[in-house]
Amino acid sequence: FSEIIINIGREVGRDLNDLAAAIERDSSYGRLATYLHGHKGGRVIEELNDQTGAMQINGVPVKILRESRNPSQIKWQDNGVQLVVDTTGAFKDPTADADDPRGSIRGHLHAGAEKVLLSAPFKISARGLEMPDDAITTVMGINDEEYSASKHSVISAASCTTTCLSYMIKPLMESIGANNF
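Some points on the confidence of the model for the protein
Mean pLDDT over the protein works out to 92, with 98% of the residues at or above the 70 mark. Mean pLDDT in the protein bottoms out at helix α4 (residues 160-175), which sits at 81, and peaks at helix α3 (residues 107-110), which reaches 98.

Points about a nonpolar patch on the surface
A surface patch of nonpolar side chains, about 360 Å² in accessible area, is lined by Tyr29, Tyr35 and Leu36. If you trace the backbone, Tyr29 turns up in the loop between β2 (25-26) and β3 (30-31). In this structure Tyr29 comes out as exposed when scored by relative accessible area, which is 58%.

What about the layout of surface pockets?
A volume near 680 Å³ is recorded for the largest pocket. Lining the largest pocket are 25 residues, with Ile5, Ile6, Asn7, Trp76 and Val85 sitting closest to its centre. At the level of elements, β1 (4-7) and β7 (83-86) are the ones that each hand at least two residues to the lining of the largest pocket. Within this model, the second largest pocket holds a volume of roughly 220 Å³. If you trace the second largest pocket, you find 16 residues lining it, with Thr52, Ile64, Leu65, Arg66 and Glu67 closest to the centre.

Let's talk about unusual backbone geometry
Although it is not a glycine, Glu47 adopts a positive phi angle of roughly 55 degrees. Secondary-structure assignment places Glu47 in strand β4 (residues 45-49). In this model, Ala158 sits at a positive phi of 65 degrees, which is unusual for a non-glycine residue. One can find Ala158 in the loop between β10 (154-156) and α4. Exposure remark for Ala158: the relative accessible area of 5% places this residue in the buried category.

A closer look at the pattern of salt bridges
For the structure shown, the criterion picks out eight salt bridges. As a salt-bridge pair, Glu67 and Lys75 come within 3.2 Å of each other at their nearest N and O atoms. Assessed through its relative accessible area of 61%, Glu67 is described here as exposed. Look at Lys75 and you get partly exposed, because its relative accessible area is 39%. Close ionic contact of Asp134 with Arg106 constitutes a salt bridge, the shortest N to O distance being 2.6 Å. Taken together, the residues span a long stretch of sequence, with Asp134 in the loop between β8 (115-118) and β9 (135-137) and Arg106 in the loop between β7 and α3 at a distance of 28 residues. Via salt bridges that share partners, Glu11, Asp50 and Arg66 belong to a single interconnected network.

Structural notes on the sheet that holds β1
The strand order across the open sheet built from four strands is β1-β6-β5-β4, with neighbouring strands paired in mixed fashion. If you trace the sheet from one side to the other, it starts and ends with β1 and β4, each paired once. Between one strand axis and the next, the sheet turns by 25 degrees as a mean value, whatever way the strands run. Relative to strand β6 (residues 60-65), strand β5 (residues 54-57) runs antiparallel, the two sharing four bridges.

Quick notes on the side chain of Ser104
Within the secondary structure, Ser104 sits in the loop between β7 and α3. Classification of Ser104 by relative accessible area gives buried; the value is 2%. Engagement of the side chain of Ser104 in a polar contact is seen with the backbone oxygen of Asp97, the distance being 2.8 Å.

Rules behind the numbers
Residues numbered from 1 in each chain as written. Predicted model: local features only at pLDDT ≥ 70, side-chain atom pairs only at ≥ 80, totals over all residues. Heavy atoms only, no water. pLDDT = per-residue confidence, 0-100. Helix = DSSP H or I, 4+ residues; strand = E, 2+ residues; numbered from the N terminus. Patch = residues over 30% accessible without salt bridge, like charges linked within 9 Å, V, L, I, M, F, W, Y side chains within 5 Å. Areas by Shrake-Rupley, 256 points an atom, 1.4 Å probe, with all protein chains shown as cover. Salt bridge = Lys/Arg side-chain N within 4 Å of Asp/Glu carboxyl O. Buried < 20%, exposed > 50% of the residue type's maximum accessible area, 1.4 Å probe, protein only. 1 Å grid on protein atoms, 1.4 Å probe; cavity = no way out; pocket = protein on both sides within 12 Å on 5 of 7 lines; lining within 4 Å. Points joined across faces, edges and corners; volume = space filled by probe spheres on them. Pairing = 2+ DSSP bridges. Axes fitted to C-alpha atoms, helices over the stretch in contact; angles between N-to-C directions. Polar contact = N/O pair within 3.5 Å; in protein donor to acceptor, adjacent residues only side chain to side chain.

Okay, here's the thing in C-alpha cells:
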C-alpha cells in the first residue's frame, strides 16, 4: 500500500493538529511514540497538512477523510482504496441497500471499495432474508478456508467474543467431540 486512508466523517477539533494530538495520546495505550519505540521514542506524527488531511505517522503516509459518515458518500474510489475495514458497528446488515440514506455496509462497495471487512458480526434486520452469496463470516484459523476472494466482497470478522472463544472450542471439539460436552 502507498498510504492508509482513514475516514472520520467530520471535522474534529479546530484542525488536523487537534486530531494528531488525540492520536498521539491514546487513553488505553498511552503515548504513541512510547508504545512504538519505548521511552526513547520521539515524535511520530509529522508533516501535517490540514488542507489535504495528510500526515505521516511513524513514516507511513496517512490521509484523514472528514467529509461524510455515510459509506456510500465516502471518496474511497477517488483515493484508490480497495479494502475498507469498518469498525463503526453501525452498518452490520449485509442485505441493506448500498444507497440506504442511513448508510449501509454495502455503501463502501458503492463508493469504490472492492472489499469490506466488518469488525462485528452481521445482523440481518429484515426477517426471512438469507445471507447474500457475496457475504461471509470468517474467523482466521477456524473457518477462513471457506473465504473465496472471487466470491466474497463483504466479510465479517465475527465478534471479539466469538473469536476468543473459537480458539478454545475448536480444538476441544476436534479432540473430544461435540457430543461429549
